[in-house]
Amino acid sequence: MVDFGGWEMPINYGSQIDEHHQVRSAAGMFDVSHMTVVDIRGPETRAFLSNLLANDIARLQTPGRAFYSCMLKETGGVMDDLIAYFMDEEWFRLVVNATTRDKGLAWLERHGADFSIAVTEHHELAIIAVQGPAAREKVHAVMPGGSGGLLEGLKPFSCVEIDDIFVARTGYTGEDGYEILIAGLQAESFWNRLLEQGVKPCGLGARDTLRLEAGMNLYGQDMTEDVTPLESGLGWTVAMQDDRDFIGRSALERQKADGVPARLVGLVLEGRGVLRPGQKVITEAGEGVTTSGSFSPTLQKAIAFARVPAAAGERCAVDIRGKNLPARVVKLPFVRMGKACEGIL
Amino acid sequence: MSEIPSELRYRESHEWVRDAGNGVAVVGISDPAQAALGDMVFVELPEPGMSYSQGEACAVVESVKAASDVYAPVSCEVIEANSALEDNPELVNTDPYGEGWLFKVQLADPAEIDGLLNSDAYAAQQDD
């Protein structure tokens, strides 16, 4: 058990590597109730989120649709990352990080003060993520009153509420599956029904190696208040095509004009060893640093994210205990739907 | 329940030593240590011929969670490293006192082994 943002959570239930493979090959589940669920309601919800988020809330036009976005500081640094779900015109749901809960809520309150909206945190909700190629059928089988059929047509990055159970086809593993928000009092029996279906509990450790293989950033590690999304592999989540005013926009425009100095890339270690966060990366264009790293159970190689100078090429070396070991810069993600992506191996 | 064989000696930092006679000993990490570290994915072993003082870092075991130093439990010269761990680091998890041994040494001072913990003392340390 480890402390994670004030929550006591297991790194693994048994073998972390077995839990990882379970998700890639069948279905695993994670208790991610530590994540913070916040509802924004009111007539100016859209206007508020349009100003708050780096991604453009206007992209969400159909109730039940969702997207990933960063909240930025005025400096362009990343305040937090989140998924926003469009429930109805006066109700959007945000799921934000646990480690940033206090500052995130304070930020929402502060910037929400100018808008006719209300911010409500939902402590009473537990979150169970069920992920893997067999995850959806397992969840369908345990939905109350045979309501699982209603989930058959749910598209990726979409959500639906069935009998107070909120089901979103999202995740943090690179596999198909759901993230399920359910009243804490019902969560244990729901979890136990999934157990009976053969869904295996997985801990924070497998969650980390799965998201790393899937090329998904971890807030506080791969991006922080000190770097912009453009330096964090998240340019695709920033909508600057039109003249929408959002917090951090002018800083990003300045950075673009001056040239973004660094980029976040994937690294594959050529030989034996393990990549870890905080290792020095040596490139022809200067030094960089790994932000996340581990051993990839799917690829059987060490992989990492690294922030390197923008001009860095494909070849680099990583300083591991004083030895410069050769590594290759690759396009993310490393793994999708259980398989190595092209050019990774 | 962890296994802590009585015929071995232990260092507080979780290495075990098996006295093989003639001034030769085998070194590995204990069952409680491998359990705490979790799935092993890489082991960096010392080259034969390297000499270490007691307590000096001489190897690294890396689990999927973290990298941990292994300290020389006795002053020694390394005579063999367990090459099987190169392709199968998980042997440290599955058989920590057998096929998962790390390296074999020539003892600089065989009396140092007597100064290490016996299995009862090491087991008591785990209960703290």
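Residues numbered from 1 in each chain as written. Chains lettered and ligands numbered in written order. Predicted model: local features only at pLDDT ≥ 70, side-chain atom pairs only at ≥ 80, totals over all residues.

A. How the structure looks around the overall build of chain B. If you tally the helices and strands in chain B, you get four helices and nine strands. Along the chain direction, N to C, the helices and strands of chain B fall in the order β-β-β-α-β-β-β-β-β-α-α-β-α. In terms of C-alpha radius of gyration, chain B reaches 13 Å, essentially the compact-globule figure of 14 Å for 128 residues. Looking at the 128 residues of chain B, the share that counts as buried comes to 41%. (Helix = DSSP H or I, 4+ residues; strand = E, 2+ residues; numbered from the N terminus. Rg over C-alpha atoms; globule rule 2.2 N^0.38 Å. Buried ≥ 20, exposed ≤ 12 C-beta atoms within 10 Å, placed from the backbone.)

B. Geometry of the sheet that holds strand β17 (residues 301-309) of chain A. Residue and element names in this part refer to chain A. Pairing is antiparallel in the closed barrel, where six strands are placed in the order β14-β17-β16-β15-β18-β19. Shown here is a sheet whose adjacent strand axes are inclined to one another by a mean of 40 degrees, direction ignored. In this sheet, strand β16 (residues 286-296) lies alongside strand β15 (residues 280-283) in antiparallel orientation, the contact comprising four bridges. Residue pairing in the sheet places Thr283 in a bridge with Gly286 of β16. On top of the sheet, helix α6 (residues 204-213) reaches β16 and β17; it is set at about 125 degrees to β16, its chief contact. (Pairing = 2+ DSSP bridges. Axes fitted to C-alpha atoms, helices over the stretch in contact; angles between N-to-C directions. Contact = placed C-beta atoms within 7 Å.)

C. Geometry of the domain arrangement of chain A. Residue and element names in this part refer to chain A. Here chain A is partitioned into domain 1 (2-211) and domain 2 (261-345). Each side of the interface is counted separately: domain 1 has ten residues, and domain 2 has nine residues. For the side of domain 1 that touches domain 2, the secondary-structure elements that each account for two or more residues are α1 (16-25) and α6. The greatest single-element share of the side of domain 1 that touches domain 2, amounting to five residues, is contributed by α1. Across the side of domain 1 that touches domain 2, the residue classes tally to two nonpolar, five polar and three charged. (Domains from an automatic or database assignment. Nonpolar A, V, L, I, M, F, W, Y, C, P; charged D, E, K, R; others polar.)

D. Quick look at the sheet that holds strand β8 (residues 118-121) of chain A. All names here are of chain A. Spatially, β5-β6-β7-β4-β8 is the arrangement adopted by the five strands of the open sheet, whose pairing is antiparallel. At either end of the open sheet lies a strand with only one pairing partner, and these are β5 (66-72) and β8. Looking at each pair of strands side by side, their axes are set apart by 30 degrees on average, direction ignored. On top of the sheet, helix α3 (residues 101-112) reaches β4 (36-41), β5, β6 (78-88), β7 (91-96) and β8; it is set at about 165 degrees to β8, its chief contact.

E. The arrangement of the pairing of β15(A) in detail. Residue and element names in this part refer to chain A. A one-sided burial pattern is seen for β15, the buried positions being Val281 and Thr283 and the unburied ones Lys280 and Ile282. Here β15 folds back onto β16, and the loop between the two strands holds two residues. Sheet analysis places β15 next to strand β18 (residues 315-320), joined by three bridges and oriented antiparallel. Its bridge partner being in β18, Ile282 is matched across the sheet by Ala317.

F. Here's a closer look at the environment of Thr237(A). Residues and elements named next belong to chain A. Mapped onto the elements of the fold, Thr237 is located in the loop between α6 and α7 (249-258). Thr237 sits 182 residues away from Asn55 along the chain, and the two C-alpha atoms are 5.4 Å apart. In contact with Thr237, not counting residues within four places along its chain, are Ala54, Asn55, Tyr68, Ser69, Cys70 and Pro229.

G. Summary view of the environment of Val24(B). All names here are of chain B. Among the secondary structure elements, Val24 is positioned in strand β3 (residues 24-29). Considering only alpha carbons, one finds Val24 and Gln126, 102 residues apart in sequence, at a separation of 27 Å. Once residues lying within four places of it in the same chain are set aside, the contact partners of Val24 are Lys104 and Gln106.

H. Up close: the nonpolar core. Ranked by size, the top nonpolar core spans 121 residues in total, and within it Ala84(A), Ile128(A), Val130(A), Ile180(A), Leu267(A) and Leu102(B) carry the most contacts. There are two domains that each give this core at least three residues, and those are domain 1 (2-211) and domain 2 (261-345) of chain A. (Core = buried A, V, L, I, M, F, W, Y, C linked by C-beta atoms within 7 Å.)

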